[in-house]
Every structure is written in structure tokens, then in C-alpha cells.
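Residue-level structural notes
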Amino acid sequence: MSAPQQQQAQPPAAPEAAEPDATNRYEAVVPHWFYCKVTDSRERWIPFSTQDSERLEEAHGSGRDKEDLVVPTSGGRYDVHLKKRQRVAVYWEEEVSEVRRCTWFYKGDKDNKYIPYSETFSKELEEAYMIAVTLDEWKKKLESPSREIIILHNPKLMVHYHPVATSDDWGSTPTEQGRPRTVKRGVENIAAEIPNGEPLQIDHLVFVVHGIGPACDIRFRSIIQCVNDFRNVSLSMLQAHFKKAQEQQQIGRVEFLPVNWHSSLHSTGVDVDLERITLPSINRLRHFINDTILDVFFYNSSTYCQTIVDTVASEMNRLYQLFLQRNPLFKGGVSIAGHSLGSLILFDLLTNQKAAPEEDEHSKEGSRTTSSNKGIEEVTEILTKLELSEYCDVFEKEKMDRQALFLCTEENLKEMGIPLGPRMKILHYISSKTEMQVSANYPQLNYKPTIFFAFGSPIGMFLTVRGVKRINPNYSLPTCKGFFNIFHPFDPVAYRIEPMIVPDLEFEPMLLPHHKGRKRMHLELKEGLTRMSVDLKNNLLGSLRVAWQSFTRAPLPAVEAASTDTEAEAEAGTEKQPETKPDESPTAVKEEASLINVGRLNGGNRIDYVLQEKPIESFNEYLFALQGHLCYWESEDTVLLVLKEIYQTQGITLDQPLPGSQ
């Protein structure tokens, strides 16, 4: 090709030829909505889910954001007031969060997280960017409202400078103050984890009651934050184990709402009284004890126990009514869960619920005679149970109903002419029944809980302290269909329930299956080694027996006869061993344990479920004791059991049954 031809071929490749198409390179930025969370005076901007952001953008685009438009977000737990740009909690008290429609971001100083610019300044940046892209004129310099400089070098390099005049507490030089920070356009260019959103359909509602103190986990987070984690784990477990039901649109999700009673208890003025008598030494430790451990003593006090149970019941009733107002199409059931002392509070509440609370609306239709006759019938049943039916006429003559019976003293029974023996039986029965809970008037719930889940629960210990040695196998919670006592093996606060129902048998709690469908490797290894040692022991004993027999065998007839007798005895002894050994294998014991009848408290099913400890936890159980009591909020195994039992009531099962599950 000649030189003139080369010169003619060169112009089409020059930049000037592409200049007419430059206007097509600009595309409007896609906004995403964020809210600001303030923790320990530090701001953190968190993106709304894709679903919520699209809903907010749609409301903003409709032009109605000038009105006081309210958009529900985060599964209906928060409302966004579009005009005020505020995010407000619906079910609990929480500081109002600022909301922004974000398009431009700069990298922060402390944690390298991107911070959104204000909406007004973002518009200025977007206009400058559009002009720069359209005209291909870069090196644009803008000044923010806080007098910080932003320079647009090119589409991929945009920087943010601090004001040079300022200086920090460390006496930094102006050149260090002028160090640039990265500027990004659009949420897709920053490393932000944006969730897709939650299913709109709610299948079941669960109220979660916390234990002692305001903090619920080892990071000293509140019940609200811990329940948020529990809810997030439940969403991931639904996707992993209920995928078929989700694809067929049979299920949506389970909503978990926290119930806080600690703040109400400590707002009664008791903290002021405690502060007055608290010693000044080891201030932090004493404050921690006053704020947490003393809650146990408060619950055992008749005065403060009434405050606690009233708060828990009224708060659950309030949340339930508010939830129904916001979800009028909800037709699902309600369950309750309690952690630590919270499980004991719920147990006492449930124990004192009426079997059919909705019948209270029609109670006026029944006559006083009917109710008194019913009370007398209950007394008759009690006397029959105590084999004292011959005294029924005496109690009926005194018009003694169940409530009056439980108020009787030994003097009252003497006046009625009841002999010493029957008197002692009746007083012992009254004592055992009244000690099932502390002295309080337990309010009624506005709904029937379907299932009761207890995490790290001291119910068994408290019942024993109250003098309850055994729970009647025929006893069941008045309104609940199920009761599950879930605990970590190293949890120092957790106690079992089943041995109080079946005290004559020794058996292990049910091992909770791992959410990935198998036992943890170190537990499998431990079981394998145990099984191997049993087999080796049996083989070694068998070999030693044969060697001993061959060694002691002699040619003399008398000795031969004696040896045959010894062999017969040895063989008879060894024949009995195989019958007992298999019973000691771990699998056989577990199969037997799962078939044990533990009464009606959980509908005939097992009650105690133990989590599998992690490999690192098995090295030192004392070191991980506290973690064992606070691990339930992020435990996939715990969450999966809760979801499995809830959805079983609706006839929906796991995609694949987990091995070892009941």
C-alpha cells in the first residue's frame, strides 16, 4: 500500500471520527435507597433490600413524596415516611433513622465503607458528570456544602479531597489532610450486600421472649438485634430446605417478633433503690449484676413477678393486635419462644391459661350454679385421685370449689372434721400444685399458642426448687400442642424436662440433626472410635480365651475332664456377652430412646433436644459454657427444628428428611 493510501486509511481510526457518538455514552444513574444506623455515635449506611428500594422509588416517582406517604419496608416491621425521609419501627421503640435516595458515594475514613452524598449534592454531581460525558470535558471540580473538593478526572477516576485548612487532633500536615478518597457513581460500583427481600406471605407468627438483662448474646446486643439474626437464618433455611414448597408457592415465611420486658421492670424505680445500697467498689461488675442476674430474684419476688408476667402478656397481646391490623389477611397460627428466664416466664403463663380462652366471651351465658357445680366436680376429681372420695360429701356441703380448696389451711380442714392422714394428703397436694409457679395472678393471652419453644431453659431447675419432683405424664399445657426444650450440651443454665416425667428410666436427649443432613465429623469420629474399641475389646477377649484354653489343656484324662467343664462354663459366659453388648452400641440406645413415652407434654413426642457442639467447643467445655448459653440466635440447627415443627402443623415437610430426626 502506498503512502498516500495509508494517509487516506488513517482518518477513520482517529478519535475525531467517534466524536458524534459521544452523546450516546451517557446513561442515567439507577438510584438505590439507604437508611442510616447510628451505633455508639458511629453512622453506618445500610441499603434497603432490592424489593423495598424499588417500592420506595416507585412511590417517589409517582410524585406523592410531597405528601406524608408511608411505605412499609423490611417485611412490614418498619415504615418509611417519604416526605420526612425517616424510617420508623412499627412494633418496638427504636431511634428514627434517616433515609436517602442514593446515587453518588465516597469512601469513608475509618472503616473504608462507602457513604452516600446528600440527595441535593448528588444531583449536582450527576449534572456535572452528564456534561463531562456528553462533551468529553473532564477535570471537572466541584465544591460540596462542607467545602470539600470533588474532581471528576474521567469516568473511572473521581476523587474527593478534604478541606486543606482543617487539621485533626494528631497535628497532621496539610498534605496528609489533602489525601484523596475514592468517589463512586451508582450502587453497583460499591461493595454493598443488597438482599433481595422477604416473601410477602406470612404463614406463622412467633413471639420471642428474652432472658435476664438487656443484652441477649455475647456481643451484648439487644433482643431486637438477636431476633433479626434468627429471622435472617430462618429465611436462608427456608430456601435451603423448603425450596419445593416455595417454588409451588405453598409457603411464604415465618415472622419473628421480639418481646421486651426488662425495660418495663427497670423503669419501676427499682434501679434507683438498688443504686442507693450498692457499694462503690468494682462498679462495673456490680452494675452488671444489678442489671442482669438480679432479674432472677425479681421473678421470684411476688411484687416484681406480677410486673414481669403482666408486661410479657400485655406486650404479646399488643403485638398480636397490631400485627393483625397490619396484616388483615393473616390466617396462620401463633407460637411462642423463650430464651433462658424468658422460657420460664412463658411456661408459667401457659400453665395458667384457660383451655379455651375464646369461651370467656360467652361466660355470661352460663349461670353461677353451673360454674360452682363445675368447681365442686373438680374437687371431687381431686379427692378421687387422692383416694379420699369418702369425703366428697363434706366438701360439697361446705360448697368448696377448687379455688377455695387451694386457699385451705390445716386449721380449716380440722374444722371440717378431716382426720390427720387425709388432711396431710390434701395439704401435700395443694403444696405441690401451688409450687408449680410463683405467687402471681397470671393474665390471659388473646390467642392459643400452637407450639412452645424453650432455648437454654432453666424450667426443670426452677420446678425442682419449687418442690415439684415429678410432672404427671398425663399433663399437657392447656393451650399448646407442642413443647420443645432445646439446649446446647455445655449450656450451664439449661436443664432437662423428660427425667421429671419418666424418673425411673435413664436415657439421653434427642440429638438435634445437623442442618446439612449429617452429624458433625468429630462426633462421627468419636462414635466410630467408641464402636471400634468395643469390637477390639470383644475380639481381644475372645483371642485371649482361646489362647488360655489351649495353654491350660493337659493330656491327663482327669485334667481333660476338668478343662471341658471350664470350657463349657467359659462358653456359657461368652454366650451371654453378645446379648448385652449390642444393647450398649450408640445407635441401638438412640433407637430405643426415641421410642420412650414421655407423656402428653409434647403430644407423646420427645421434648429434650440437644445441639451438636462444634469441633472447637469439644476441646474445653468450660471455656465455651457462656457461648453455649448464647448460641441459639444464629444456630441453623435450632432454627431448622423450629421451622420443621411449625410447617408440620400445616402438612408441609422438608424437601429431604434429615437423618436422626423424629
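Structure shown above.
Residues numbered from 1 in each chain as written. Predicted model: local features only at pLDDT ≥ 70, side-chain atom pairs only at ≥ 80, totals over all residues. Heavy atoms only, no water.

Here the focus is the overall build of the chain. If you tally the helices and strands in the chain, you get 24 helices and 19 strands. Evaluated residue by residue, the chain yields a buried proportion of 42% over its 662 residues. Of the contacts made within the chain by residues no fewer than 6 positions apart, 70% connect residues no fewer than 24 positions apart. For the chain, the exposed surface amounts to about 37800 Å²; the carbon and sulfur share of it is 53%. (Helix = DSSP H or I, 4+ residues; strand = E, 2+ residues; numbered from the N terminus. Buried < 20%, exposed > 50% of the residue type's maximum accessible area, 1.4 Å probe, protein only. Contact = heavy atoms within 4.5 Å. Areas by Shrake-Rupley, 256 points an atom, 1.4 Å probe, with all protein chains shown as cover.)

This part takes up the pairing of strand β10 (residues 149–154). Taken together, the four bridges between strand β9 (residues 140–143) and β10 define a ladder with antiparallel strand orientation. By the bridge assignment for β10, leucine 142 is matched with isoleucine 150. Hairpin connection from β9 to β10: five residues lie between these consecutive antiparallel strands, with arginine 147 at a positive phi of about 65°. Relative to strand β11 (residues 157–161), β10 runs antiparallel, the two being bridged by five bridges. Residue pairing across strands places isoleucine 150 opposite histidine 160, the latter belonging to β11. (Pairing = 2+ DSSP bridges.)

Moving on: the environment of alanine 132. Take alanine 132: it is sitting in helix α3 (residues 119–135). Residues alanine 132 and tyrosine 26, 106 residues apart in the sequence, show an inter-C-alpha distance of 9.4 Å. Ignoring any residue separated from it by four or fewer positions in sequence, one finds alanine 132 in contact with Glu137, Trp138 and Lys140.

Interaxial distance between helix α11 (residues 302–326) and helix α12 (residues 341–351) falls to 10 Å at its minimum, and their mutual angle equals 80°. In terms of orientation, α11 and α12 fall into the roughly perpendicular class. Residues Ile308, Val309, Val312, Ala313 and Met316 of α11 pack against Ile345, Leu346 and Leu349 of α12. (Axes fitted to C-alpha atoms, helices over the stretch in contact; angles between N-to-C directions. Parallel < 35°, antiparallel > 145°, perpendicular 65-115°, else oblique.)

Let us look at the environment of valine 379. Topologically, valine 379 is positioned in helix α13 (residues 368–385). Given a relative accessible area of 2%, valine 379 falls into the buried group. If sequence neighbours within four positions are ignored, valine 379 has contacts with Phe395, Met400, Asp401, Arg402 and Leu405.

Describing two packed helices takes the angle between their axes plus the distance from one axis to the other. Two elements in contact, helix α5 (residues 223–241) and helix α24 (residues 636–648), have axes separated by 9 Å at closest approach and are oriented at 65°. Considering the angle they form, α5 stands roughly perpendicular to α24. Relative to α24, the crossing made by α5 is right-handed. Across from Phe230, Val233, Ser234, Met237, Leu238 and His241 in α5, the residues of α24 making contact are Glu636, Thr638, Val639, Leu640, Val642, Leu643 and Tyr647. Residue classes in the contact of α5 with α24 are distributed as nine nonpolar, three polar and one charged. (Left-handed = near helix turned anticlockwise from the far one by under 90°. Nonpolar A, V, L, I, M, F, W, Y, C, P; charged D, E, K, R; others polar.)

Attention now goes to a nonpolar patch on the surface. Together, Phe220, Ile282, Leu285, Phe288, Ile289, Ile293 and Phe297 line one region of the surface with nonpolar side chains, adding up to about 710 Å² of accessible area. Per-element tally for the nonpolar patch: the top contributor is helix α9 (residues 283–291), with three residues. Position of phenylalanine 220 relative to the elements: it lies in the loop between β13 (202–209) and α5. When its relative accessible area of 64% is taken as the criterion, phenylalanine 220 is described as exposed. (Patch = residues over 30% accessible without salt bridge, like charges linked within 9 Å, V, L, I, M, F, W, Y side chains within 5 Å. Salt bridge = Lys/Arg side-chain N within 4 Å of Asp/Glu carboxyl O.)

Further remarks concern the side chain of serine 343. For serine 343, the location among the structural elements is in helix α12. Here serine 343 falls in the buried class, since its relative accessible area comes to 0%. Excluding residues within four positions of it along the chain, serine 343 makes contact with Gly338, Phe452, Ala454, Ser457, Pro458 and Ile459.

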